[in-house]
Amino acid sequence: MKLRNSRRYILAVACMLLITSSRARQSPPFTQHRINEIAAECATALMDLSGLTGKQRPGESPAAYHSRITGYLAALKKLDKELAPIRRTVTPRDKRADNLAVWRKIVEDSNRLVAETQIAESAWEAVPKIGPKALLGNKLLTATTTVQSILRSLRDARP
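Worth saying up front: this structure is predicted, and the values here are computed from it rather than measured.

### Some thoughts on empty space enclosed by the protein
Empty space among the atoms can be located by rolling a probe the size of a water molecule over them.
Here is step 1 of the chain: Tallying each qualifying case throughout the model produces 1 cavity of 30 Å³ or more.
Here is step 2 of the chain: Roughly 50 Å³ of internal volume is contained in the largest cavity.
Here is step 3 of the chain: What lines the largest cavity is simply Glu41, Thr44, Ala45, Asp48, Ala75, Lys78 and Leu79.
Here is step 4 of the chain: Of all the secondary structure elements, the ones that give two or more residues to the lining of the largest cavity are helix H2 (32–48) and helix H3 (62–82).
Here is step 5 of the chain: By residue number, the principal contributor to the lining of the largest cavity is H2, which donates 4 residues.
Here is step 6 of the chain: Among the residues forming the lining of the largest cavity, the class breakdown is 3 nonpolar, 1 polar and 3 charged.

### Thoughts on the layout of surface pockets
Here is step 1 of the chain: As a volume, the largest pocket reaches approximately 190 Å³.
Here is step 2 of the chain: Lining the largest pocket, in full, are Gly54, Lys55, Gln56, Tyr65, Val127, Gly131, Pro132, Ala134, Leu135, Leu136, Gly137 and Asn138.

### Thoughts on H3
Here is step 1 of the chain: If you check H3, its first and last C-alpha atoms are 30 Å apart, about what 21 residues at 1.5 Å a residue would give, namely 30 Å.
Here is step 2 of the chain: Along H3, the residues that are buried comprise Tyr65, Arg68, Ile69, Tyr72, Leu73, Ala75, Leu76, Leu79 and Asp80. Along the long axis of H3, the arc covered by the buried residues comes to 145 degrees, so they all point the same way. Those residues of H3 that are exposed and aimed more than 90 degrees away from the buried face are Ala63 and Lys81.
Here is step 3 of the chain: Those residues of H3 hidden inside the fold are in contact with H2, helix H4 (97–130) and helix H5 (136–156).

### Description of the packing of H4 against H5
Here is step 1 of the chain: Where H4 contacts H5, the axes come no closer than 8 Å and their chain directions differ by 160 degrees. Compared by their axis directions, H4 and H5 come out roughly antiparallel. As for the relative orientation of H4 and H5, their crossing is left-handed in sense.

### As for the packing of H3 against H4
Here is step 1 of the chain: As a packed pair, H3 and H4 sit with axes 10 Å apart at the nearest point and diverge in direction by 160 degrees. Looking at the two axes, H3 sits roughly antiparallel to H4. Relative to H4, the crossing made by H3 is left-handed. Side by side, H3 and H4 meet where Tyr65, His66, Ile69, Thr70, Leu73, Leu76, Lys77, Leu79 and Asp80 of the first sit next to Leu113, Val114, Thr117, Ala120, Glu121, Trp124 and Val127 of the second.
Here is step 2 of the chain: Of the residues belonging to the contact of H3 with H4, the class tally is 10 nonpolar, 3 polar and 3 charged.

### Some details on the packing of aromatic side chains
Here is step 1 of the chain: Scanning all chains against the criterion turns up 1 aromatic pair.
Here is step 2 of the chain: A centroid spacing of 5.5 Å and a plane angle of 70 degrees characterise the contact between Tyr65 and Trp124, whose relative ring orientation is edge-to-face. A residue pair is termed long-range when its members are at least 10 positions apart, and Tyr65 in helix H3 and Trp124 in helix H4 qualify at 59 residues.
Here is step 3 of the chain: Look at Tyr65 and you get buried, because its relative accessible area is 10%.
Here is step 4 of the chain: Residue class for Trp124 comes out buried when judged on its relative accessible area of 15%.

Calculation notes
Residues numbered from 1 in each chain as written. Predicted model: local features only at pLDDT ≥ 70, side-chain atom pairs only at ≥ 80, totals over all residues. Heavy atoms only, no water. 1 Å grid on protein atoms, 1.4 Å probe; cavity = no way out; pocket = protein on both sides within 12 Å on 5 of 7 lines; lining within 4 Å. Points joined across faces, edges and corners; volume = space filled by probe spheres on them. Helix = DSSP H or I, 4+ residues; strand = E, 2+ residues; numbered from the N terminus. Nonpolar A, V, L, I, M, F, W, Y, C, P; charged D, E, K, R; others polar. Expected span 1.5 Å × (residues − 1). Buried < 20%, exposed > 50% of the residue type's maximum accessible area, 1.4 Å probe, protein only. Arc of directions from axis to C-beta. Contact = heavy atoms within 4.5 Å. Axes fitted to C-alpha atoms, helices over the stretch in contact; angles between N-to-C directions. Parallel < 35°, antiparallel > 145°, perpendicular 65-115°, else oblique. Left-handed = near helix turned anticlockwise from the far one by under 90°. Phe/Tyr/Trp six-rings, centres within 6.5 Å; stacked < 30°, edge-to-face > 60°.

As C-alpha cells, then:
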C-alpha cells in the first residue's frame with residue numbers, strides 16, 4: 001500500500017513540475033502598461049540619438065567624437081536588450097488581423113534592429129582604418145529609422 005501511494009505521490013509531483021516548467025517558459029501577456037514601457041524605451045533611445053551624425057563635427061575633439069558615437073551605440077544596445085521579449089512571435093489577446101499585422105511588424109523590426117546595431121558597431125570599428133568610407137552615419141541612421149518604425153508600431157499595437 002505504501003509503495004502504491006509513494007508512486008502516486010511521485011507521479012503527482014512530476015506532473016506539477018511539468019506544468020510549472022511549461023508555465024515558466026510562456027511569456028507573460030503584454031499589457032498596455034508593458035507596451036507603453038517598451039515605447040518609452042524607444043523614445044529614450046531616440047532622444048539619445050538626437051543630433052545624429054557619424055562624422056566628427058567641426059571643432060569637436062577626438063575624445064568628444066568617440067564619446068558621442070559610443071553613446072549612440074550604447075543607446076542602441078540598451079534598446080536591443082529591452083526589446084528582447086518581443087523578438088519572438090508575440091500572441092496578443094486582441095486577435096484581429098490588423099493588430100496581428102502590427103505585432104508581426106514589431107517583431108520583424110526588433111529583429112532587424114539587432115543586425116543594424118551590429119552593422120553600425122562594425123562601421124564604427126572600421127572608421128579608424130577607412131574613415132568616411134565606413135559609412136557610419138548611414139548605418140546609424142538606418143538603425144534610428146528602425147527605432148522610429150518600432151515606436152510608431154507600438155503606438156498602434158493593442159495587447
